[in-house]
Amino acid sequence: MDSVIPLAGVSPNDVIEPLRGDEEGGVANMDIDGNAAHNILELLDEEEDDELFNINVDQMDESDDELVYDDNGVENSYELKLDLKMKGYKPYQSQGRLSEDSKAILFWRDGENNFSDWKINVVTTKEEGGESITTTTTYHVNKVNIARGPNKSDYFVTLLESDSFSENHDGTITVNLPEEVAAQFPDFLDYIYSLHTESMSIINFQNWKSMMWLANYFQVSKLQKDVFDFIEEDMYNLDHVEDYLSEFKGVEEDDQANRILSKATHVCATMIMTIEPTSSLLKSIPPRMFLTIMDVLGQRCSESDNFSSHHINCLVLEYLEHNIEDQSYF
């Protein structure tokens, strides 16, 4: 659920009831006056499970002073942005859902019957029983799609525009790919062929690593961007954050890796009440990132009483015990 609730007539229950009934979790983003925000926070404090919501209140006025209420409890001069995320919030993903229009132009799926004018041989090699087993899969493609479409590959553009490559004359190119990457090559072709407004829906948690590998190898700039956009959207699923940290935490000098690590820091701070002390995610957080998370939480705690100091203390103790060799950071 993603909703914007107007200023006029807003009440605490207008916010809480839709969130409480949303099984997948939800978020409400609102620009409201201080009195409405104050009432909502009071009602949240009365919840039986005070860890149900993660709350972030941003003051829209330039002043950093605390809210000032008159004798009737009405805040006079500020507007707030109230961001509520249910515990365990996982955003909806439309993965793998292409429209009929997109499906109709996935010509490569028709094999040799698609008026193809080029072939791609994908070769994989694996060791089995002490022997190397080579497998070749042939894909019949269309030059106009792979080198001129909105999701075009600059690798194929260079190849097809040059007379110096034998593949251009033979009408066939052979590429050697890791087995796990080759398994996602059909998804890669679907991405190339599909409508550019829908192609991102092909990326999912199961194929994002291979899609990133293929985007870099075949120089598909839009796919490179879309993979990182997908990761940022998917990050609120805490079950997946550990995989993203494992992939990017060792390459801090890379701008895109820094982008992902920065997003992971924000997500972990926002969803801190959902991270359990015994979780493998906690143990996978790099020390520098953990310090940043604690710093962010310290700043937020001064604005709200909705963070459980006991829970955070448990996280810190468990983290230090697991990362005892890295305590020089602390």
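Reading the values: the criteria
- Residues numbered from 1 in each chain as written.
- Predicted model: local features only at pLDDT ≥ 70, side-chain atom pairs only at ≥ 80, totals over all residues.
- Heavy atoms only, no water.
- Pairing = 2+ DSSP bridges.
- Helix = DSSP H or I, 4+ residues; strand = E, 2+ residues; numbered from the N terminus.
- Axes fitted to C-alpha atoms, helices over the stretch in contact; angles between N-to-C directions.
- Contact = heavy atoms within 4.5 Å.
- Polar contact = N/O pair within 3.5 Å; in protein donor to acceptor, adjacent residues only side chain to side chain.
- Salt bridge = Lys/Arg side-chain N within 4 Å of Asp/Glu carboxyl O.
- Buried < 20%, exposed > 50% of the residue type's maximum accessible area, 1.4 Å probe, protein only.
- Arc of directions from axis to C-beta.
- Core = buried A, V, L, I, M, F, W, Y, C linked by side-chain atoms within 4.5 Å.
- Parallel < 35°, antiparallel > 145°, perpendicular 65-115°, else oblique.
- Nonpolar A, V, L, I, M, F, W, Y, C, P; charged D, E, K, R; others polar.
- Expected span 1.5 Å × (residues − 1).

Draft legend 1. Structural detail: the sheet that holds strand S6 (residues 131-141). Reading across from one edge, S6-S5-S7 is the order of the three strands in this open sheet, with mixed pairing throughout. This sheet does not close on itself; its edge strands, each paired only once, are S6 and strand S7 (172-176). Neighbour-to-neighbour, the strand axes of this sheet turn through a mean angle of 20 degrees, independent of strand direction. In terms of strand pairing, strand S5 (residues 118-128) meets S6 through eleven bridges, oriented antiparallel. Paired with Thr125 across the bridge in S6 is Thr134. In the packing of helix H8 (residues 185-193) onto the sheet, contacts are made with S5 and S6, and the angle to S6 comes to roughly 20 degrees.

Draft legend 2. Structural view of the environment of Thr134. Counting through the fold element by element, Thr134 comes out in strand S6. Each C-alpha atom of the pair Thr134 and Val123 lies 6.9 Å from the other, and the pair is eleven residues apart in sequence. Residues in contact with Thr134, not counting those within four places in the same chain, are Val123, Thr124 and Thr125. Here Thr125 takes part through its side chain, which lies 3.5 Å from a polar atom of the side chain of Thr134.

Draft legend 3. Fine view of the pattern of salt bridges. Evaluated as defined, the whole model comprises ten salt bridges. Between Lys126 and Glu128 there is a salt bridge, with the nearest N and O atoms lying 3.5 Å from each other. Residue class for Lys126 comes out partly exposed when judged on its relative accessible area of 32%. Taking the relative accessible area as the measure of exposure, Glu128 reaches 43% and is therefore partly exposed. In this structure, Glu247 and Lys209 form a salt bridge, with 3.9 Å as the shortest nitrogen-oxygen distance. In this pair, Glu247 sits in helix H11 (residues 238-248) while Lys209 sits in helix H9 (residues 208-217), placing the two residues 38 residues apart along the sequence. The partly exposed category is assigned to Glu247, whose relative accessible area is 34%. The class of Lys209 is partly exposed, set by a relative accessible area of 39%. Each member of the salt-bridge network shares a partner with another, and the members are Lys225, Asp229, Glu232 and Arg259.

Draft legend 4. Inspection of H11 at higher detail. Of the residues making up H11, those classed as buried are Leu238, His240, Val241, Tyr244, Leu245 and Phe248. The buried residues of H11 occupy an angular sector of 150 degrees when the element is viewed end-on, so they sit on one face. Pointing more than 90 degrees away from the buried face of H11 are the exposed residues Asp239 and Ser246.

Draft legend 5. Inspection of the nonpolar core at higher detail. By size, the foremost hydrophobic cluster in this structure holds 68 residues, and its most contacted members are Phe185, Phe188 and Trp208. Apart from residues lying up to four places away in sequence, Phe185 is in contact with Ile120, Val122, Tyr139, Leu177, Leu214 and Phe218.

Draft legend 6. Structural context of the packing of helix H10 (residues 221-234) against H11. At a minimum axis separation of 10 Å, H10 and H11 run at an interaxial angle of 140 degrees. Taken together, the axes of H10 and H11 lie oblique to each other. Two secondary-structure elements touch here, H10 through Phe228, Phe230, Ile231 and Asp234 and H11 through His240, Tyr244 and Phe248. Here the contact of H10 with H11 is composed, by residue class, of five nonpolar, one polar and one charged.

Draft legend 7. The arrangement of the environment of Leu189 in detail. Assignment of secondary structure puts Leu189 in helix H8. As for Leu189 and Ile146, which are separated by 43 residues in sequence, their C-alpha atoms are 8.3 Å apart. The residues contacting Leu189, other than those within four sequence positions of it, are Trp108, Tyr139 and Val141.

Draft legend 8. Fine view of H10. In this model H10 runs 20 Å from its N-terminal to its C-terminal C-alpha over 14 residues, within 8% of the 20 Å that 1.5 Å per residue would give. Within the sequence span of H10, burial applies to Leu223, Asp226, Val227, Phe228, Asp229, Phe230, Ile231 and Asp234. Contacts from the buried residues of H10 go to H8, H9, H11 and helix H12 (255-270).

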